[in-house]
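Each chain, letter by letter, is given below.
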Amino acid sequence: MFIEECIGNLRMSETEAAFLRLVRPCWRRLYLVARHYASSVEDARDLVQETLLRAWAAYNPSEDRSYREGWLFVIQRRVAAEWVRQAHRRVALEPGEHDELTELVGTDLSEPFAAIASSTENQFRDFLDEGVAAAFDALEPAFREVVLLSVAADLNYHEIAEVLGCPLGTVMSRMARARRKLRERLAHPSKAVHRRPEALR
Amino acid sequence: MTCSEARQYIFAFLDNELDSALSLEVQQHIEHCALCARECEIEKIVRRQLAAKLKEAQALPEFDESALVRLLRSEPGALGRMSRTTRRYWKLGTAGALAAVLVLAASLFVVNSARKAQGVSLADVLVEDFDHFVTEAKPLQIVSADAKEVSEWLRERTALAVSVPSVDPAMASLMGGRKCKINGKPAAFAVYRIGNEMASLVALHESDEALVHMNRVERNGHTHWVDHCRGHTVLACRRGELIYAVISRLPEESLYALMQRTEG
């Protein structure tokens with residue numbers, strides 16, 4: 001309804017309206033993800049805006065293709081990667097290429113999960129409330145990113161594969177390992193040593 | 001399915017990412033395995049708590065669509081709260097979407113020369129480059145609606161006597177530019193938005209031979225070269241030592257006005 005009102009008030013072109021329809025549902029999620037890529041709130045804002053401008057520059061609904069939400073996250077990740085290469089912005093979560101072999105070492109997906117000590121459900125929830133963010137921050141970048149795109153951006157595995165530019169099987173494998181590692185970090189908080197330079201929340 | 005097998009799929013199962021057959025197998029195992037069922041419940045809580053943490057955000061900007069539209073249209077008042085850099089980017093986006101690549105002309109000609117032997121025309125090269133720019137969402141290196149600023153930036157970096165034309169805002173909007181090198185030669189590239197379409201203006205340092213495959217048209221007292229390729233129009237014209245070419249999905253008639261502005 002709001003979009004239609006804008007169209008009426010501003011006589012939005014069909015292209016602009018279509019672009020806004022694409023952006024609006026993921027506006028908040030783009031910011032949530034940007035806050036983890038970027039090192040400051042200001043940079044996160046610029047990251048989203050640059051993402052949208054590039055998307056707008058490339059947007060052409062007359063082309064024989066469909067634009068999905070994942071496309072915006074692909075562009076956002078590309079911009080963040082450029083910032084890393086150009087070194088003119090601080091990036092907290094580097095969206096680099098990740099060595100899949102390294103990921104495979106030390107995580108047997110068939111083994112039992114790490115046990116988290118807690119006597120009651122309320123205690124468990126309190127424990128998580130205090131520790132889950134630190135456990136997430138302690139994940140290696142490749143694992144943090146895949147969890148971020150799933151949990152904060154609400155992307156499905158196909159979309160995450162598109163964003164990361166990797167096969168679906170890699171996403172599934174990486175996600176399982178990331179979540180296991182998260183459980184391990186929760187069970188053994190002392191292992192949570194890999195912290196981002198500047199956690200943003 | 002055993003517990004160890006179920007554990008391999010438990011996260012994808014909870015994320016609804018398994019195919020129906022495998023999902024059913026995991027579901028059936030969980031219904032009969034208290035240990036795995038408990039792990040599922042723990043994981044659900046962990047994920048929920050993590051989502052709450054990652055999504056709890058203070059001071060997230062509201063999505064103001066009317067402001068966004070104004071920004072897309074370069075209304076100065078709508079840019080007030082943005083950083084200088086961002087403002088320039090918004091001007092670019094607002095202006096609409098037309099990309100003209102100025103410096104690319106030189107490079108395109110070089111590429112064209114190299115491809116002549118393979119029967120690839122200049123128009124093909126220009127359209128291919130234009131498509132690449134659009135589909136890859138290649139970044140502009142200077143984002144500005146100020147033709148003078150873009151021209152100076154390109155001249156400094158390409159050593160080409162490029163003059164990016166300013167345009168009537170009612171007709172089109174300048175978005176910015178890029179420099180590039182093709183076969184070792186610098187080229188200039190500017191991008192415009194005309195209505196809902198993009199157009200690129202490329203400036204190349206080349207001879208007229210590069211245009212022999214295009215149709216020659218006398219218009220506005222100048223010789224133009226026109227070609228159509230994969231749904232795009234390519235309109236070229238010589239300006240001193242440089243050749244300017246406009247590439248767009250717009251029809252030929254829509255591009256003469258922009259080309260005329262390069263007479264400068």
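Cut-offs used in this document
- Residues numbered from 1 in each chain as written.
- Chains lettered and ligands numbered in written order.
- Predicted model: local features only at pLDDT ≥ 70, side-chain atom pairs only at ≥ 80, totals over all residues.
- Helix = DSSP H or I, 4+ residues; strand = E, 2+ residues; numbered from the N terminus.
- Buried ≥ 20, exposed ≤ 12 C-beta atoms within 10 Å, placed from the backbone.
- Pairing = 2+ DSSP bridges.
- Expected span 1.5 Å × (residues − 1).
- Arc of directions from axis to C-beta.
- Contact = placed C-beta atoms within 7 Å.
- Axes fitted to C-alpha atoms, helices over the stretch in contact; angles between N-to-C directions.
- Parallel < 35°, antiparallel > 145°, perpendicular 65-115°, else oblique.
- Left-handed = near helix turned anticlockwise from the far one by under 90°.
- Nonpolar A, V, L, I, M, F, W, Y, C, P; charged D, E, K, R; others polar.

Draft legend 1. A look at the overall build of chain B. A tally of regular secondary structure across chain B gives nine helices and eight strands. Expressed as a percentage of its 264 residues, the buried residues of chain B come to 50%.

Draft legend 2. Focus on the pairing of strand β6 (residues 222–229) of chain B. Residues and elements named next belong to chain B. By the bridge criterion, five bridges tie strand β5 (residues 215–219) to β6 in an arrangement that is antiparallel. Paired with N215 across the bridge in β6 is V226. Pairing of β6 with strand β7 (residues 232–239), which is carried by six bridges, proceeds in the antiparallel orientation. For H228, the partnering residue across the bridge sits in β7 and is T233. The antiparallel hairpin formed by β6 and β7 contains two residues in its connecting segment, where R230 sits at a positive phi of about 45°.

Draft legend 3. Local environment of unusual backbone geometry. The backbone of D154 of chain A shows a phi angle near 55°, a positive value even though the residue is not glycine. Counting through the fold element by element, D154 of chain A comes out in the loop between α8 (141–152) and α9 (157–164). Phi is positive for N16 of chain B, which is not a glycine, with a value near 55°. With respect to the helices, strands and loops of the structure, N16 of chain B is situated in the loop between α1 (3–14) and α2 (20–32).

Draft legend 4. Up close: helix α8 (residues 147–158) of chain B. All names here are of chain B. Here α8 spans 16 Å end to end across 12 residues, near enough to the 16 Å set by a 1.5 Å rise per residue. Among all positions of α8, only V150, S151, W153, L154 and T158 are buried. Angularly, the buried residues of α8 cover 165° about the axis, an arc narrow enough to put them on a single face. Exposed residues pointing more than 90 degrees away from the buried face of α8 are listed as K148 and E156. Directly beyond the C-terminal end of α8, a positive phi value near 65° is found at A159.

Draft legend 5. Inspection of helix α5 (residues 69–86) of chain A at higher detail. Residues and elements named next belong to chain A. Taking 1.5 Å of rise per residue, the 18 residues of α5 would be expected to cover 26 Å, and the 26 Å separating its terminal C-alpha atoms lies within 8% of that figure. Within α5 the residues assigned to the buried category are W71, L72, F73, I75, Q76, R77, V79, A80 and W83. Here the buried face of α5 lies against α2 (14–23), α3 (27–37), α4 (41–58), α8 and α9.

Draft legend 6. Looking closely at the packing of α3 of chain A against α4 of chain A. Residues and elements named next belong to chain A. Axis separation between α3 and α4 bottoms out at 8 Å; the angle between their running directions is 125°. Put simply, α3 runs oblique to α4. When you trace α3 past α4, the crossing you get is right-handed. Of the residues in α4, those in contact with L30, Y31, A34, R35 and Y37 of α3 are V41, A44, L47, V48 and T51. Considered class by class, the residues forming the contact of α3 with α4 number eight nonpolar, one polar and one charged.

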